[in-house]
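Structure at a glance
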Amino acid sequence: MKVLILGAGQVGRTAAQNLAREPANEVTVVDSNEEVLRDLQSRVDVRTVAGNASFPSVLVAAGIADTDLLVALTSSDEVNMIACEIANALYRTPTKIARIRAGEYTSHDRLFTPGMLAVDVWINPEQLVTEYIERLIRNPGALQVVDFADGRARLVGMLARRGGLLVGQQLRTLKDHMPNADARIAAIYRNGRFVPPDGETVVEEDDEIFFVAARDHIQRMMNEITRAEGKVRKVIIAGGGHIGFRLAQLLEKDFQVKLIERNPDRARRVSERLENTIVLGGDAQDEELLIEENVDDTDVFAAVTNSEEANVLSAMLAKRLGARKTLAIINRPSYGELMDNRSIDIAVSPPTVTIGSLLARVRRGDVVRVHSLRRGSAEALETVVHGTQDRSRVIGRSIGDISMPNGASIIALVRGEKVVMAHHDTLIETEDHVIVFLADRRQVEAVQKLFHSG
Amino acid sequence: MRSLLAIVNVLGALLFLFAAYYLLPVITALVYGETDELWVFLQCAAATAVAGAALLLVTRRHRAELKPRDGYLLVSLSWIAVTAAAAVPFLLGVPRLSFTDAFFESMSGLSTTGSTVMTGLDSLPHAVNMWRCALHWLGGMGIIVLAVAVLPLLGVGGMQMYRAEAPGPVKDAKLTPRITETAKALWLSYAGMTAVCILALWGAGMPGFDAICHGFSVMSLGGFSTHDASVGWFNSPLIEFVMILFMLLASINFSTHFMALRKGEFSAYRRDPEARWVFVWLGASVVAVTLALWLPGIYPDLLGTIRHSAFNVVALATTSGFMTEDYAQWPIFAPMWMLFLSCVIPNTGSTGGGIKMFRALIMIKQAFREMFVLVHPAAVAPLKIAGQAVPNRVIYSVLAFVFVYFMTVLLLTFTLLASGMDFISAFTATIASVNNAGPGLGTVGPASNYGVLTDFQTWVCALAMLLGRIEIFTFLILFTPSFWRK
């Protein structure tokens, strides 16, 4: 598939990296900053073109004429939309994705219907990250929470801790604890290594566990894996940018939210638009301020400023001052590795959160959702199976009979409104949404082949 | 000097326009065959028209676009000039009335205060009673707003004048792109609702003439009645109910009414930051006053207590000043509380007086904000009303206004005390006049009227009404050196 990426910012670079990793893709990146391009080209196998991303001449030079997928990720909503319009008008590019941040555009659904703006899909990385963090705060104890089938099913990653009902037990005992709840352990990582789960597997402390469950059963399932944490009531958000502001907006009705913003102008603007949040003007790395605002009595401290160094420092400081749980936005994977020392409980990487929605577009077959897990080494995807029994290799067969590639497993089905947990005797029907967990993302190609009929 | 002549020019146009307003009493006099009054009002109309035309002609070379600051002078001057012109029919038409009293009555009418110096209202000629209530109606929405609506010559300066006259702290909200259209929209909503009010009163059993007069004074939150016993004369719960309803409507911002009428939807009222509080405060107050009357057993039955409490609380709190009972005889808590409410109940852009609900809300929230910041010193806490942040500039100006308001009340009270009045009468007369409410307590209580005052005291009260109507600053600004410095 020929992919053209406009903009080599944080998200653009990650997208290029992920897409180029799959041999079937040919990726070209356009940006106005030649230095960034040179650096990118030296590390990733992509072609680069320097220039203004919305100029037709630049697009032509980048090969828009036979591009299958245009991904406009520059920092300007308007440039992204215009680039899609031009690609559509001049070359009828089949699929056009634009990053659009302003809610003023995205709140008008009609703008993105056929015949209106030539944007097939809009993505808003900040919104994705915000909602991701919101899910983590609403599900205390989880390291990762991702949605499938519009949120009807969720995949949750978390650490097993003493006090969890399942810890020290075989997985088969799960159905004795939760006789009528739908949940299934999808994967277990022990000391960073994948352990294929089956009924005999014993859960140990510090195992990293992924399970899938219908949304309403998540909390009960989490109690299986770790001691129930106290309810989250007090949240401090460090940083009042787009993410911090939206996060406060999402949380302020159910939690006591305080938001710290350093820029006085921004603090004032944010405070005018929030209703129940206490907006504090100051630096989130200011010990006095944190103590004054009772950081020791805080359930979640979320550092979401633009500067990841500031996020790391303020989260560590908050932890030392007594915050129960800290969360920080960290872009660089290497920083993420440093974080295992418990001073930052959850590191959120925006590129990883965002990349799934792009990956879903480049996969063959009807892939609706892709979530990148464990910093990109594993993946969970939701795909729709089409076709008839005689042409498909999965329809009409039970899950136990399907030979899955190594490390890949079907963990759940979404059939209409219902979420069905995968058992070896579950039959797959046409139009089922199948949720697959891949411990090794290199198996993606094999999995696609399996589900892609004819 | 040049700009002064330009102001006089506009003033001439205003007077000329005002002459047409005499049509109302002239028609009344014709209908009731009151030939003496017909003659008086025709003379007055002619004199006003001639005076206006003369001013217009003399200063016609100096016609110019008015500068923003000219608005303050024009508004103050035109209110005084129109009040003086409107006083002449009282002087000529009512026997044994001094100029002081005639001016007071005229000011009380135009400022929608509704306190009177006349007794024997029931036997006054119809034309005079019509004139009193018609002055209310004109003053309710404002002379200048009307002028802006019908006089194109004010041009861009019209906005400035509109702001100088319109009551309330937030005056930048234009309903339509052009100020003339905004003024027309306001007057149209006002006139339309007045028509409905008159019909409703008539339907509730008022005689036609009384319905028209009371319709005028209800919608303008004035308070003049055609009877000495005010609304008590009718002794009809239905009429009182209709009046309560329309007094409540008139105490809401007319921009909100216009919006609701134009789109035909109720949501404009829900978005209005002030309207809801009128109902909350008045509801609680009616309950409190009812209890204050019921517990000592002032009235024998509960239903009657509720009726009297509801009507008189709403009438005084909305700054109308109608009455059905001599509430000066009630426990002192009740009338004092009602007078206090008259400071805060009317909304921005309504026809009422006082501090206005919007300013009261700002002050209450500012107080809470100060306490909040004591707990969270680093907090960035803008003051919000209905989700909208209020700029600090507005908060300062509100605080300054309230300070000046209370200083005005204080100084005028002292002035009345110095003139030999007792404290309760002096204090309540000042409050009632500054709020454009009407009756006070003591010697100026609901059972008597302002006729007992000395000439000096009458002038002080008239000044208080003017200050209250054009919101103090517009008038006081004329006495600051910086206003006159070029």
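Details of the environment of Ala379 of chain B
Inspection of the secondary structure puts Ala379 of chain B in the loop between α17 (357-375) and β1 (383-385). Note on Ala379 of chain B: 19 C-beta atoms within 10 Å, which makes it partly exposed. Considered as a pair, Ala379 of chain B and Ala310 of chain B are 69 residues apart in the sequence and their alpha carbons are 43 Å apart. Discounting residues that sit within four places of it in the chain, Ala379 of chain B has contacts with Ile278, Val279 and Leu280 of chain A together with Phe372 and Val373 of chain B.

Quick notes on unusual backbone geometry
Leave glycine aside and you will find that most residues have negative phi; peptide bonds, for their part, are mostly trans. The phi dihedral of Asn294 of chain A is positive, around 60°, even though this residue is not glycine. Within the fold, Asn294 of chain A resides in the loop between α11 (287-292) and β15 (300-303). What makes Asn294 of chain A partly exposed here is the crowd of 14 C-beta atoms within 10 Å. Phi angles above zero are rare outside glycine, and Thr319 of chain B is one such case at about 70°. Following the sequence through the fold, Thr319 of chain B ends up in the loop between α15 (302-317) and α16 (333-344).

A word on the sheet that holds β15 of chain A
Residues and elements named next belong to chain A. If you trace the six strands from one edge of the open sheet to the other, you get β14-β13-β12-β15-β16-β17, paired in parallel fashion. The open sheet terminates on both sides in strands that have one partner only, identified here as β14 (278-281) and β17 (346-348). Each strand of the sheet is rotated relative to its neighbour by a mean of 15°, with strand direction disregarded. Sheet topology places strand β12 (residues 234-238) next to β15; four bridges connect them, and they run parallel. From the neighbouring strand, Ile236 faces β15, where its bridge partner is Phe301. Contacts from helix α12 (residues 308-320) reach β12, β15 and β16 (325-329) within the one sheet, and its direction differs from that of β16 by about 175°.

Examining the interface of chain A and chain B
Between chain A and chain B, the residue contacts involve eleven residues of the former and seven residues of the latter. Elements represented by at least two residues in the side of chain A that touches chain B include exactly α10 (264-273) and β14 of chain A. Looking at the side of chain A that touches chain B residue by residue, the classes come out as five nonpolar, three polar and three charged.

Some remarks on the sheet that holds strand β21 (residues 418-421) of chain A
Residues and elements named next belong to chain A. If you trace the five strands from one edge of the open sheet to the other, you get β18-β19-β22-β20-β21, paired in antiparallel fashion. Two strands bound the open sheet, and with one partner strand each, they are β18 (366-373) and β21. On average, each strand axis in the sheet is inclined to that of its neighbour by 20°, with strand direction left out of account. Of the pairings in the sheet, the one linking strand β20 (residues 408-415) to strand β22 (residues 433-438) comprises six bridges and is antiparallel in character. Within the sheet, the bridge partner assigned to Ile410 lies in β22 and is Val436. Sitting on the sheet, helix α15 (residues 444-451) touches β19 (378-384), β20 and β22, and the angle it makes with β22 is about 160°.

Details of the domain arrangement of chain A
According to the domain assignment, chain A contains domain 1 (2-123), domain 2 (129-225), domain 3 (234-348) and domain 4 (353-451). Using only C-alpha atoms to locate each centre, domain 3 of chain A and domain 4 of chain A end up separated by 37 Å.

Description of the packing of helix α14 (residues 275-294) of chain B against α16 of chain B
All names here are of chain B. Between α14 and α16, the least distance of the axes is 10 Å, while the angle of their chain directions is 165°. In terms of their interaxial angle, α14 and α16 are classed as roughly antiparallel. Both α14 and α16 take part in a crossing whose hand is left-handed. Residues Trp281, Ser285, Val289, Ala292 and Leu293 of α14 lie in contact with α16, whose contacting residues are Phe333, Ala334, Trp337 and Leu341. When the residues that make up the contact of α14 with α16 are grouped by side-chain class, the tally is eight nonpolar, one polar and no charged.

Digging into helix α20 (residues 455-469) of chain B
All names here are of chain B. Under the 1.5 Å per step criterion, the end-to-end length of α20 is 21 Å for 15 residues, consistent within 8% with the ideal 21 Å. Most of α20 sits out of view: eleven of its 15 residues are buried. Among all positions of α20, only Gln457, Thr458, Val460, Cys461, Ala462, Ala464, Met465, Leu466, Leu467, Gly468 and Arg469 are buried. Looking at the packing, one finds that the buried side of α20 touches α4 (70-93), α5 (99-110), α6 (126-141), α18 (392-418), α19 (423-434) and α21 (473-476). Just downstream of α20, Glu471 is the residue with a positive phi angle, here 60°.

What counts and how
Residues numbered from 1 in each chain as written. Chains lettered and ligands numbered in written order. Predicted model: local features only at pLDDT ≥ 70, side-chain atom pairs only at ≥ 80, totals over all residues. Helix = DSSP H or I, 4+ residues; strand = E, 2+ residues; numbered from the N terminus. Buried ≥ 20, exposed ≤ 12 C-beta atoms within 10 Å, placed from the backbone. Contact = placed C-beta atoms within 7 Å. Pairing = 2+ DSSP bridges. Axes fitted to C-alpha atoms, helices over the stretch in contact; angles between N-to-C directions. Nonpolar A, V, L, I, M, F, W, Y, C, P; charged D, E, K, R; others polar. Domains from an automatic or database assignment. Parallel < 35°, antiparallel > 145°, perpendicular 65-115°, else oblique. Left-handed = near helix turned anticlockwise from the far one by under 90°. Expected span 1.5 Å × (residues − 1).

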